[in-house]
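Spelled out, the chains give:
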Amino acid sequence: MAAPTASASALIEKGRYLAQAGDCVACHTKKGGAPLAGGRALDTPFGPLISPNITPDKDTGIGNWSDDDFYRLMHEGIGKQGEYIYPVMPFPWYTIVTRDDALAIKAYLFSIPPVHSPRPENTLSFPFSIRSSLLAWRQAFFKPTDFQGDPQQSEQVNRGSYLVNGLAHCGECHNARPIAGTSRWREPLAGGTIQNWYAPNISSDMRSGIGAWSNGDLVSFLKTGTAPGKGVAVGPMAETVHSLSHLTDGDLAAIAAYLKTTPPVAETAQQSDPAQPFERGSRTYLDHCASCHGVDGEGLAGVVPALKDNGAVLAAGPQNVISVVLGGLQANGTLAPMPAIGSAMSDGDVADVTNYVRQAWSQKAPATATNAMAFDLRAQVDGLLNAAPRTGCPPVANAELVKALGTATYRTQLSAVTDAGMYQQTGQLVAQLRKSNRAVPDADLINGLTAAYCPIVRADPELDQNAKALKIGRFANYVYMAVAGGPEAKMHAKK
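Residues numbered from 1 in each chain as written. Predicted model: local features only at pLDDT ≥ 70, side-chain atom pairs only at ≥ 80, totals over all residues. Heavy atoms only, no water.

**Section: the pattern of salt bridges**
No. 1: Following the criterion strictly, the structure yields 14 salt bridges and no others.
No. 2: Note that Asp 67 and Lys 106 form a salt bridge whose closest N and O atoms lie 3.0 Å from each other. In this pair, Asp 67 is assigned in helix α3 (residues 67-76) and Lys 106 in helix α5 (residues 99-111), connecting sequence segments 39 residues apart.
No. 3: Its relative accessible area of 36% is what places Asp 67 among the partly exposed residues.
No. 4: Through salt bridges that share partners, Asp 419, Lys 471 and Arg 474 make up one connected network. (Salt bridge = Lys/Arg side-chain N within 4 Å of Asp/Glu carboxyl O. Helix = DSSP H or I, 4+ residues; strand = E, 2+ residues; numbered from the N terminus. Buried < 20%, exposed > 50% of the residue type's maximum accessible area, 1.4 Å probe, protein only.)

**A closer look at the packing of aromatic side chains**
No. 1: Following the criterion strictly, the structure yields nine aromatic pairs and no others.
No. 2: Plain terms: the ring middles of Tyr 356 and Trp 361 are 5.9 Å apart, the flat faces sit at 75 degrees to each other, and that makes the pair edge-to-face.
No. 3: Centre to centre, the rings of Tyr 423 and Tyr 478 are 5.4 Å apart; their planes meet at 85 degrees, and the pair counts as edge-to-face. With Tyr 423 in helix α19 (residues 422-436) and Tyr 478 in helix α21 (residues 465-483), this pair connects stretches of sequence that are 55 residues apart.
No. 4: In this structure an aromatic cluster arises from ring pairing among Phe 278, Tyr 285, Tyr 356 and Trp 361.
No. 5: Against the face of Phe 110 rests Lys 106, its NZ or CZ located 4.1 Å from the ring centre. (Phe/Tyr/Trp six-rings, centres within 6.5 Å; stacked < 30°, edge-to-face > 60°. Lys NZ or Arg CZ within 6 Å of the ring centre and 35° of its normal.)

**Section: the packing of helix α12 (residues 277-288) against helix α15 (residues 347-359)**
No. 1: Two elements in contact, α12 and α15, have axes whose closest approach is 7 Å; the angle formed by their N-to-C orientations is 95 degrees. By the criterion of interaxial angle, the relationship of α12 to α15 is roughly perpendicular. Of the residues in α15, those touching α12 at Pro 277, Phe 278, Arg 280, Gly 281, Ser 282, Thr 284 and Tyr 285 are Asp 349, Asp 352, Val 353, Tyr 356, Val 357 and Gln 359.
No. 2: In the contact of α12 with α15, the residues fall into six nonpolar, four polar and three charged. (Axes fitted to C-alpha atoms, helices over the stretch in contact; angles between N-to-C directions. Parallel < 35°, antiparallel > 145°, perpendicular 65-115°, else oblique. Contact = heavy atoms within 4.5 Å. Nonpolar A, V, L, I, M, F, W, Y, C, P; charged D, E, K, R; others polar.)

The structure is reproduced here in structure tokens:
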């Protein structure tokens, strides 16, 4: 293999530097694995997402990607086959990276040794297992854009803005982060949570941000992970410093200069929301509901019911909507089960989102849901998807399944289901049941298996009621995915 020319070497070195600024190795390297060969499980609210191999291997990496393919991924969040990319990959930030910089990164990646490392299958819960469901997220949260510098600021500050809001994607952790991928638009740099760690306020606020830090303090912290008298990098930030430490002093100074110019955001701003109830309900809907029901409440034909023009939503009273949010719904016909999403929401969020769906999209139902109403109904809702807290799990309804699921074999298998193996184990259970119970309707199979699993979850002394509801919902969705043919089958059926 011929040695690269001087210009090619310079491009590769530029790409290596930019890849370090983006901390690519942190997500694309599993513990003990080859650098950038993928395989790391990244935690999301919807299950672990396995990072891909980005070495130039032609079979399992990006060796067959063109320049246009790579730039489209960085700028638009769309993969080589036209698939939507999960926003765990921070393309909402990378979108401002110039084409020249993106292709320099590609040149670097193509210069490293190829590693044959197939990507394990993701086991995200429904509907996030279906990439087409990301369309709703994109409509709500993403638009490709180019970097726009501030003509009123210095070249140094604009360089810092390009790095902070692009490759370094600082706000991915330091913005408020209610749901994966939405952090770009939430209280910029005012602090957020990530992987059970708190990423502090790094806006220019004097009290709770970095307003009282000197530029030298910030450069020292980014370069070494410490700033005497100010702070020490811990958790994910310590890992980030490992990459940032390779940046030039000039770029670190630019980042510091930009951070000092950002609008101050007091940390208390995250504790109170002055927005009107409709605005709060809209946020809650986008965070918890839009990925299934669509940004415009249109649902997914045959899988998720529409909320727009839905008679149950538009009824005179809001009780039915509140009860469904709090208790979920079992599978019905071809419709997927709906987890009890309200179990993890506050009474205020439940009331606000109920009022929102009853008035959004030009609907005219009265906004009469209240916190007190949600509180009262929370104590009364008692169904399969919220682990039936009052009366216990409902029995398996289908007579054929009662006999099958009552055997010691299935009881043992259900008891052995683990969080890590749930995706594969539910698939195996469905395959076994289908062999001898071919006539059982899909919805009965989904609900029956979930009902048989419910007592096992309820008996777990380490889970509170909210955790039990979330686990039941996850199990039901994995069963649905297996019954419906798995995420890939559903995706192609949608197309």
